[in-house]
Amino acid sequence: MHEHWKEAKERYEAIEIPEDLSFATESAVRRGNRRYLRRRTLRRGWGAGLATCACFCLLVNGSPAFASAVSSLPVLGDLARIVTVEQYQINDREHLIDVRLPALTDTGNTDLEQRINTEIRTRIDQVLAEAEERAREARDAFVDTGGRAEDFTPIIIDVDYEVKCSNQQYLSFVIYKTETLASAYTEIYTYNLDLTTGTELTLPGLLGPDWKERCDQVIRDEMARRTAEEDAVYFTQDQGGFSGVTDDQAFYLDADGNPVLFFEKYEIAPGYMGIQSFSVPLP
C-alpha cells in the first residue's frame with residue numbers, strides 16, 4: 001500500500017495544470033501533521049457507527065504507515081482508495097491557507113484515477129486562486145478606507161476532504177472549501193463513483209425513474225418532523241425555500257450506500273441551522 005501511495009503521489013504531482021488555473025504553492029510551508037478535526041455543521045447528529053467509519057477514514061488518509069498496515073487485511077485494505085497527496089499551509093498578511101488534498105488510487109482503473117485527480121487539482125487550484133484574489137481585494141479595501149495594513153485580519157481559507165462511503169462497488173467522498181472573514185462560508189464538492197464501471201453515480205441511477213418524487217417526499221416529511229420535534233425552521237416556497245429537487249441536486253452516499261441530499265447554508269433554512277441533509281433510502 002505504501003508503494004501504491006508513492007505512485008499515486010507521483011502521478012498526481014505530474015498532472016499538468018492549465019496556466020490560467022495555476023496557483024503559486026511553491027512558497028507553501030509543507031507540514032506532515034494534520035490539524036485536529038474541525039467542527040462542521042454537517043457533522044452534527046452523526047451516530048457512533050458513522051463516527052467510527054470516519055475515524056478509520058481519517059487514519060487511513062492521514063497516515064501511509066497505517067494504510068500499509070491495514071492493506072494486508074482482506075476487507076479494510078480494499079476500502080482504502082483515497083490518500084492525501086498534498087498538504088501545505090500559507091500564512092501571510094492577507095490570508096491563512098490550510099490545504100489537505102486527496103487523490104484516488106488503487107481502483108484498478110487508471111483512466112478513472114487520472115480523470116478524477118485532474119479534476120480535483122484543477123478545481124482546487126481555481127477556487128484557491130479566486131479566494132486569494134478576494135483576500136487581496138479585501139485587504140486593499142481595508143487600507144483604502146483608512147485601516148492600517150498591519151491591522152488587517154487575514155482571511156482564513158481551509159480545504160479538506162472526507163470519505164463518506166467506501167465499499168467494493170461505491171466510493172463517495174466530499175471536499176470542503178471554507179472561507180472565513182467576518183463569518184464562515186463553506187462550499188462542498190462531491191465525488192460519487194461506481195468503481196465497477198468507472199462512472200459517476202446519479203440519483204436517477206440509484207433511485208429509479210421516479211427519483212424526484214421519492215426525494216421530494218422524504219425531504220418534506222423530514223422537514224415536517226424536524227419542525228415539530230426539533231423546533232427547526234425552514235423557509236416557505238414564497239420565501240425561496242424548498243420547492244423540489246432539481247437535476248443538479250447535490251448528494252453523497254452514506255456508509256450504507258444511501259444517497260444523502262444536502263442543501264447549503266441559507267439555501268432552504270436560516271443560516272444558524274447550517275447545512276441541511278436528508279438521507280433517502282435505496283429502493
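Here the structure is a predicted model, which means the values were calculated and not measured. (Residues numbered from 1 in each chain as written. Predicted model: local features only at pLDDT ≥ 70, side-chain atom pairs only at ≥ 80, totals over all residues. Heavy atoms only, no water.)

A. Spatial organisation of the sheet that holds strand β7 (residues 251-253). Reading across the sheet, the 3 strands line up as β7-β8-β9 and stay open at both edges, with antiparallel pairing between neighbours. Edge positions in the open sheet fall to β7 and β9 (276-279), since each of these has one partner strand only. Taken pair by pair, the neighbouring strands of this sheet meet at an average axis angle of 25°, ignoring direction. Pairing geometry for strand β8 (residues 259-263) and β9, over 4 bridges, is antiparallel. Residue pairing for β9: Phe 262 is matched across the bridge by Ser 277. Sitting on the sheet, helix α7 (residues 211-229) touches β8 and β9, and the angle it makes with β9 is about 120°. (Pairing = 2+ DSSP bridges. Helix = DSSP H or I, 4+ residues; strand = E, 2+ residues; numbered from the N terminus. Axes fitted to C-alpha atoms, helices over the stretch in contact; angles between N-to-C directions. Contact = heavy atoms within 4.5 Å.)

B. Here's a closer look at the packing of aromatic side chains. Taken as a whole and assessed by the stated rule, the structure comprises 5 aromatic pairs. Look at Phe 173 and Tyr 191: their rings are 5.0 Å apart centre to centre, the planes differ by 10°, and that puts the pair in the stacked class. Here the residue Phe 173 occupies a position in strand β4 (residues 170-180), and Tyr 191 occupies one in strand β5 (residues 184-194), the gap between them amounting to 18 residues. For Phe 173, a relative accessible area of 0% translates into the label buried. Tyr 191 gets classed as buried once you look at its relative accessible area, which sits at 2%. With centroids separated by 6.0 Å and ring planes inclined at 75°, the aromatic side chains of Phe 263 and Phe 278 adopt a geometry described as edge-to-face. Taken together, the residues span a long stretch of sequence, with Phe 263 in strand β8 and Phe 278 in strand β9 at a distance of 15 residues. By the burial criterion, Phe 263 is buried, and Phe 278 matches it. Through a chain of ring-to-ring contacts, three or more aromatic side chains come together here, namely Phe 242, Phe 263 and Phe 278. (Phe/Tyr/Trp six-rings, centres within 6.5 Å; stacked < 30°, edge-to-face > 60°. Buried < 20%, exposed > 50% of the residue type's maximum accessible area, 1.4 Å probe, protein only.)

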